Amino acid sequence: MIDKIESLLYLPLDIETPPTDFLDHLNNLNYDKLYNDDYRSCYHVPIMYDFKPGNFSWMPFAFPYPSLREWLEDVLFPITGKSRVMIITTPPGVQNPPHIDCSKDKFRTTLQHKFRYVLQGNINDLVFMGKQDNVQCNAGPNKPFVMSGSWPHYMTNTHNTTKFTLALGAPWDGSVEDERYVDLLTRSYNKYSDYYQSFEKMDLPDNWQELFEEDYNFRQKAQEFLKS
């Protein structure tokens, strides 16, 4: 199973699905009040952040969403521990251009797994880039999933509404040394193996080294936004 974990591109997770009873509030947020991520051409709704490393706290945006906070505390954090949490917000028709969700120094040195759940929108708008062919996400069930953040990918929101994706950020990135996480992936693979995708037989696109964010310093930029 370890080899399948280390080459994982996408896998639905066998855990409880997050609530979505706050979508009306999300849909009424003004983009100009959100954190603008120029690199990924999207916005972020900050839910949890650590102004000091390891000292996590709820952001003001999180307080209208008590059911989401409860789900994170009861379902996700027991598996991952606390980490930065945001809701990735992509307007209709907008593309998150080709990018890599990790820094150059962590590329291929850690798993760089990314937890995601599409609260609103299409899961299979996500596309992984290959040298020969691009691979569309094999969406499968409406479940939370993990994906490889170190593999180049892009997403075009083809839905007629804003796409909202719940995302767990740094410092969590998965580890084969974490027994709870390995157990979750094993259970999930046994249940959703038809939807598992791997980059084992894929080659990186020729321009992959150009897809890293030049200034991979989310902490500093986020702190400036949150304190403004």
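Owing to the predicted nature of the structure, the values given are computational and were not obtained by experimental measurement.

**Describing the nonpolar core**
As a rule of thumb, soluble globular proteins bury nonpolar side chains together.
Okay, so step 1: Of all hydrophobic cores here, the largest spans 41 residues; its most connected members are Leu-26, Ile-47, Ile-87, Phe-115, Leu-119 and Leu-166.
Okay, so step 2: Secondary structure elements with two or more residues in this core: strand 1 (8–12), helix 2 (23–27), strand 3 (42–52), helix 3 (66–80), strand 5 (85–90), strand 7 (113–120), strand 12 (163–168) and helix 4 (179–192).
Okay, so step 3: Looking at which element gives the most residues to this core, the answer is helix 3, with seven residues.
Okay, so step 4: Ignoring sequence-local partners within four residues, the contact set of Phe-115 consists of Leu-13, Ile-15, Trp-71, Leu-76, Pro-144, Phe-145, Val-146, Leu-166, Ala-167, Leu-168 and Trp-172.

**Some points on the environment of Ser-41**
Okay, so step 1: Among the structural elements, Ser-41 can be located in the loop between strand 2 (35–37) and strand 3.
Okay, so step 2: When the C-alpha atoms of Ser-41 and Gln-95 are compared, they prove to be 6.9 Å apart, with 54 residues separating the residues in sequence.
Okay, so step 3: Once residues within four sequence positions are removed from consideration, Ser-41 is found in contact with Val-94, Gln-95, Asn-96 and Pro-97.

**Here we look at the sheet that holds strand 6 (residues 95–99)**
Okay, so step 1: If you walk across this open sheet you meet the four strands as 6-11-8-9, and the pairing is antiparallel. On the outer flanks of this sheet lie strand 6 and strand 9 (135–136), each paired with one strand and no other.
Okay, so step 2: Where strand 6 and strand 11 (residues 153–156) come together, three bridges link them in antiparallel fashion. Bridge pairing links Gln-95 to Thr-156 in strand 11.

**Regarding the environment of Asn-27**
Okay, so step 1: Here Asn-27 lies in helix 2.
Okay, so step 2: A C-alpha to C-alpha distance of 7.3 Å links Asn-27 and Thr-162, two positions 135 residues apart in sequence.
Okay, so step 3: Leave out the neighbours within four places in its chain, and Asn-27 touches Gln-120 and Phe-164.
Okay, so step 4: For Asn-27, the side chain forms a polar contact with the side chain of Gln-120, separated by 3.1 Å.

Thresholds, definitions, all that
Residues numbered from 1 in each chain as written. Predicted model: local features only at pLDDT ≥ 70, side-chain atom pairs only at ≥ 80, totals over all residues. Heavy atoms only, no water. Core = buried A, V, L, I, M, F, W, Y, C linked by side-chain atoms within 4.5 Å. Buried < 20%, exposed > 50% of the residue type's maximum accessible area, 1.4 Å probe, protein only. Helix = DSSP H or I, 4+ residues; strand = E, 2+ residues; numbered from the N terminus. Contact = heavy atoms within 4.5 Å. Pairing = 2+ DSSP bridges. Polar contact = N/O pair within 3.5 Å; in protein donor to acceptor, adjacent residues only side chain to side chain.

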